[in-house]
Amino acid sequence: AMTAGNKISFIFSAAFESMGTTMATYCSQNLGAKQYDRVKKGTAFGLVSGVALAELIGIVFVIFAPSLIAMFNSSPEVVAFGAMQARTEALFYCVLSLSHCMAGIIRGAGKTTVPMLIMLICWCVIRVAYITITVHFIPDIRVVFWGYPITWMLSAVCFTLYYFKGDWHNFERLDARRNAAANRN
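The rules behind these values
Along each chain, residue indices are assigned from 1 in the same order as the chain's sequence is written. Owing to the predicted nature of the model, reporting of local features is limited to residues with pLDDT of at least 70; listing and counting of side-chain atom pairs is limited to 80 or more, with chain, interface and lining totals taken over all residues. To obtain the side-chain values, all non-hydrogen atoms of the structure were included, while hydrogens and water were left out. Numbering goes from the N terminus for both helices and strands, where a helix is a DSSP run of H or I of at least four residues and a strand is a run of E of at least two. By the criterion applied in these results, polar contacts are pairs of N or O atoms within 3.5 Å in which, for protein atoms, one can donate a hydrogen and the other can accept it, and in which residues neighboring in sequence qualify only through two side-chain atoms. Working rule for contacts: check all heavy atoms of both residues, and any pair within 4.5 Å makes them a contact. Aromatic rings from Phe, Tyr and Trp, taking only the six-membered ring of Trp, are treated as a pair when their centres fall within 6.5 Å; an angle between ring planes under 30 degrees marks them as stacked, one over 60 as edge-to-face, and anything in between as tilted. Think of it in three bands: with a 1.4 Å probe and only protein chains considered, a residue is buried below 20% of the maximum accessible area for its type, exposed above 50%, and partly exposed in between.

Peer 1: Break down the side chain of Ser9 for me, with residues and values.
Peer 2: Positionally, Ser9 belongs in helix H1 (residues 2-32). At 2.8 Å, the side chain of Ser9 and the side chain of Tyr93 are in polar contact. Non-local contacts of Ser9, meaning those with residues more than four positions away in its chain, are made with Phe61 and Tyr93.

Below, the structure written as C-alpha cells:
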C-alpha cells in the first residue's frame, strides 16, 4: 500500500517539487543581474503558485485515491491502506511545496547550507525519531503516515522563520559589503 501510494505521490509531487528548483534558478539569475525587485515579486508569485498547485494536486489525490492506488494493486487491503495514506498526507502537499519553494529561493540566494540542514534535521532526524518513539507507544501505521506532514510543517516553519528573519534577502546591504570589500583590495 505504501509503495503504491508513494509511487503516485512521487508522480504528483514532481510538479510542485520542481517549483523549488525553478525558484532557485530564477532567484539566482535575478540576483546576479541585480534585479532585486524581480526577485521579490517572482519569489512571491512562485510561493503562491507552488502552494496552490500542490493543494490542487493534493485534493485530486484525496478524491481519486482508491482508483489511483488500484492501478498498482487492486487488493482491497492495499487500496484501503494506500487511500488512508493519501488522505493523511495529500492535503499537506501545500506545506511540502512551501518548503521546497522556500528552500529553492534560499539556495538561489547562495545560502545552500541552511536548506540542507533544515531538511536533514526535519525530514530525516526528527521524522525517524518521531516514528521510532511514537510507534513504540502507538503501534499503528497512521503514526508513520503522520510523520510526513508533521515534519513538512516543521520544516515549513523553519523556512518561514529564516525567510523573514534571515540575512539572505537584504540584497542591497550585501552588495554594499561586497563593494566595500572589493574597494579595500
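Peer 1: Summarise the packing of aromatic side chains; cite the residues concerned and give the values.
Peer 2: Per the stated rule, a full pass over the model turns up 7 aromatic pairs. Arranged with centres 6.4 Å apart and planes meeting at 25 degrees, the rings of Phe61 and Tyr93 form a pair that is stacked. In this pair, Phe61 is assigned in helix H2 (residues 36-70) and Tyr93 in helix H4 (residues 93-108), connecting sequence segments 32 residues apart. Summarising the burial analysis for this pair, Phe61 and Tyr93 share the class buried. When the centroid spacing of 6.3 Å and the interplanar angle of 65 degrees are considered together, the rings of Tyr148 and Trp152 count as edge-to-face. With Tyr148 and Trp152 both in helix H6 (residues 141-165) and 4 residues apart, this pair spans about one turn of that helix. Take Tyr148: its relative accessible area is 25%, and that puts it in the partly exposed class. Clustering of aromatic rings is evident, with ring pairs tying together Phe12, Phe16, Phe61, Tyr93, Tyr148 and Trp152.

Note that all results are geometric; they support no functional claim without further evidence.
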